[in-house]
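# A closer look at the structure
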Amino acid sequence: MLREVENFIYHEANLMDEGKYEEWGELFTEDSTYWIPSWMTESKTISNPTNELSLIYWNKNNINEYVQRLNSGDAHVMIPSPRTTRYITNILIEPLNETEFIVKSNWFLHDFRLQYNEGVQQFFGGKMEHRVVRENGEFKISHKEVIVINDNINRGHLMII
Amino acid sequence: MLKEKLEQFIIDNPEDREFKVNGKVYTDQELYEKEIELFFEKSWVYVCHEDQIKQENDYFLAQIGKEPVIITRSADGQIQGFINRCPHRGATVCREHQGNSKSFRCFYHGWTFRNNGDCIGVADQQAYPSNFDKSKHGLTKVAKVESYRGFVFASLEENVPTLEEHLGNAKPFLDVVIDRYADGIEVANGVTKYGNVGNWKLQLENALDYYHPLFVHKSYFDIVAKRGVKRENASLQFKERVVDHQLYLGGGHGLTVHYRDFLKAGYLEGELFQSDFRTPEWEEKVGPLMAKWTQKISMHLLIFPNLLIMEGPALQIRQIRPVSVDRTEVYGRAYYPKGQPDEYTSRQLAAYEFLGPAGHGTPDDIAAFESCTVGYQSEKAPWNNLSRGYDREVTDASELEISELSNFCVAGNISDDTFLRAMFRHWKEQLAEEKDASKKEVHA
């Protein structure tokens, strides 16, 4: 079972790399949240997304809206389409019960774009935590929290992780 | 040379309603260095909000032009600024970007400074010559640091107009930002830091440009439309914008004005997006003029050269920092009415979905800056056309009711280039003047 949970996390990353955003969005439960907090100080991120600033704080509907935006052809920052690879390591799975798991991992994103002059490589990394539930034999994400270590996004665009 | 460039790069021909800017104004290294010197190192710039240094002995690192600085609030509450450079061997005496400390100890050789700049400790001082006086080796002060109602500005140059003079016609509009609410504003914890390829001026232009949103931000307007509600403030028709204005205030400052009930400037038509602070006590406190205008307008306000206050469903303080001629850094902070119930604050923060490097809007603006910067490499097709709305400028302030709040130099339709033309005239004049002044000195 733990192996399946791990595969699910890799599967999610692959969907984003392959640009299958709709399928990616479908991985989230109806009551899910996706949160990327901003940093408050060098060592501390914000802790309350309802009165502090986040990079992303979405519910399921917002996730669908983001997918709509990416697929619209009007998300200009995605043109030409970035080439990305997401690497996930150090996976630790903590079963809460038969059907619920906390998955902690480290992530790394390689993002290459044919833009300004010779093209640009960007690397982002950090830690994340998924709350994965098994619903009718399928895994879904009910909460996802991503910490971005290098939060100075100096080309102005952070892709979903 | 600089003066020739200025003449060459800005074509301003009122008879033919022609206004052209050469792409080199965004790429020329010599112009950029002069801009930094003149607008960032010899004038007032925004450094931080007081909420970032709330407590006694709080400090915050900033940069003014090329100078690394520490902004401190000393034990007596005074806000000061110092060059973050040890007078001994040059290391930065403070390396944490924010925190709380009464003193700064240089980690290189241990020299120590109080947060008012005084040198209070030199390790093994007896080894220095007998006339060595540590009181002469304090941190170098930033000439002026002052807060205007929470917004902290600084000037490296002593000989500048007062901060209020610098704010000029922009001051009443900054008052509107604050006086809308009974207890003013509060800056939320956290920051979105991002940058872009492209000259710093592109950031300013874009914030006051209502010609681009329908194209650049279509994907976002479609999202909002799909929520099944009409956005009161984001009509997809230019003609419906005819009533809204763009004002140039002088000194490089400017703003866009939407005439609408700000409290309802949410996504949902008629929805109250912020708590209503409009009580009789509030009205008495701010006076009738402010009471009227705080209810009548919302703005994107530019305090030249580096502060943008973006009023919309989300409220944002955007601080611009030029990094090099073609690189810019931005610090975006959310603010909200002080004392507002969390329910409204969370809605405003949710509306930040448009902003920041993971937002639905900001990254597309940045893609435009980058794209323009590629275009500006062209020598064969160097011109930007800034003539939009040249025929419908209002130069007599008394023609617009808003002049009862503040005077302005010129107004145009919100989607016009009126602000840009005026800003570039100011820009050219300032840079040319500076050159003249130095020439006089040489000849004298």
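Residues numbered from 1 in each chain as written. Chains lettered and ligands numbered in written order. Predicted model: local features only at pLDDT ≥ 70, side-chain atom pairs only at ≥ 80, totals over all residues. Heavy atoms only, no water.

## Brief notes about the packing of aromatic side chains
Evaluated as defined, the whole model comprises 25 aromatic pairs over all chains. For the ring pair Tyr 34 of chain A and Trp 58 of chain A, a centre distance of 5.7 Å and an interplane angle of 80° mean the geometry is edge-to-face. Linking Tyr 34 of chain A in strand 1 (residues 28–37) with Trp 58 of chain A in strand 2 (residues 54–59), this pair joins segments that are 24 residues apart in sequence. You'll find Tyr 34 of chain A and Trp 58 of chain A in the same group, each marked buried. Where Phe 39 of chain B meets Trp 200 of chain B, the ring centres are 6.5 Å apart and the plane angle is 55°; that geometry is what we call tilted. In this pair, Phe 39 of chain B sits in helix 2 (residues 29–40) while Trp 200 of chain B sits in helix 5 (residues 200–207), placing the two residues 161 residues apart along the sequence. Using a relative accessible area of 0% as the deciding quantity, one classes Trp 200 of chain B as buried. Ring pairing ties together the aromatic residues Trp 24, Phe 28, Tyr 34, Trp 58 and Tyr 66 of chain A, which thus form one cluster. Over the ring of Tyr 34 of chain A we find Lys 144 of chain A, and its NZ or CZ is 5.3 Å from the ring centre. (Phe/Tyr/Trp six-rings, centres within 6.5 Å; stacked < 30°, edge-to-face > 60°. Helix = DSSP H or I, 4+ residues; strand = E, 2+ residues; numbered from the N terminus. Buried < 20%, exposed > 50% of the residue type's maximum accessible area, 1.4 Å probe, protein only. Lys NZ or Arg CZ within 6 Å of the ring centre and 35° of its normal.)

## Re the interface of chain B and chain A
With 47 residues of chain B at the interface, the matching set in chain A holds 36 residues. Across the chain B to chain A interface the summed buried area is about 3,400 Å²; carbon plus sulfur atoms make up 50%. Scanning the region where chain B abuts chain A turns up five salt bridges. We note a salt bridge from Glu 65 of chain A to Arg 227 of chain B, for which the minimum N-O separation is 2.7 Å. Of all the elements in the fold, those that place two or more residues in the side of chain B that touches chain A are strand 14 (192–197), helix 6 (213–216), helix 7 (218–226), strand 20 (327–337), helix 9 (342–350) and helix 10 (362–375) of chain B. Broken down by element, the side of chain B that touches chain A gets its largest block of residues, seven residues, from helix 10 of chain B. Split into classes, the residues belonging to the side of chain B that touches chain A amount to 17 nonpolar, 15 polar and 15 charged. (Contact = heavy atoms within 4.5 Å. Buried area = accessible area lost by both parts, 1.4 Å probe. Salt bridge = Lys/Arg side-chain N within 4 Å of Asp/Glu carboxyl O. Nonpolar A, V, L, I, M, F, W, Y, C, P; charged D, E, K, R; others polar.)

## Quick word on the pattern of salt bridges
Residues and elements named next belong to chain B. What the rule picks out here adds up to 38 salt bridges over all chains. The salt bridge involving Arg 17 is made with Asp 391; its shortest N-O contact spans 2.6 Å. Here Arg 17 is found in the loop between strand 1 (10–13) and strand 2 (18–22), whereas its partner Asp 391 is found in the loop between strand 21 (383–385) and strand 22 (410–413), with 374 residues between them in sequence. The exposure class assigned to Asp 391 is exposed, which follows from its relative accessible area of 65%. Where Lys 171 meets Glu 164, a salt bridge forms, and the shortest distance between an N and an O atom there is 3.2 Å. Classification of Glu 164 as partly exposed rests on a relative accessible area of 42%. Among the ionic contacts, a cluster of salt bridges with common partners joins Lys 292, Lys 296, Glu 401 and Glu 404.

## A short note on unusual backbone geometry
Residue Pro 80 of chain A is bonded to the preceding Ile 79 of chain A through a cis peptide linkage, with omega at -5°. Here Pro 80 of chain A lies in the loop between helix 3 (60–71) and strand 3 (83–95). Cis geometry marks the peptide bond from Phe 304 of chain B to Pro 305 of chain B, where omega comes out at 5°. In the Ramachandran plot, Asn 90 of chain A falls in the positive-phi region, its phi being about 50° despite a non-glycine side chain. Following the sequence through the fold, Asn 90 of chain A ends up in strand 3.

## Some details on the confidence of the model for chain B
Residues and elements named next belong to chain B. When the pLDDT values of chain B are averaged, the result is 92; 91% of them are 70 or greater. In the predicted structure, residues 232–237 sits below a pLDDT of 50 and forms 13 contacts with residues beyond four places in sequence or in another chain. Every residue in residues 440–444 is under pLDDT 50, and counting partners more than four places away or in other chains gives zero contacts. What the predictor reports for the complex is a pTM of 0.95 with an ipTM of 0.96. (pLDDT = per-residue confidence, 0-100.)

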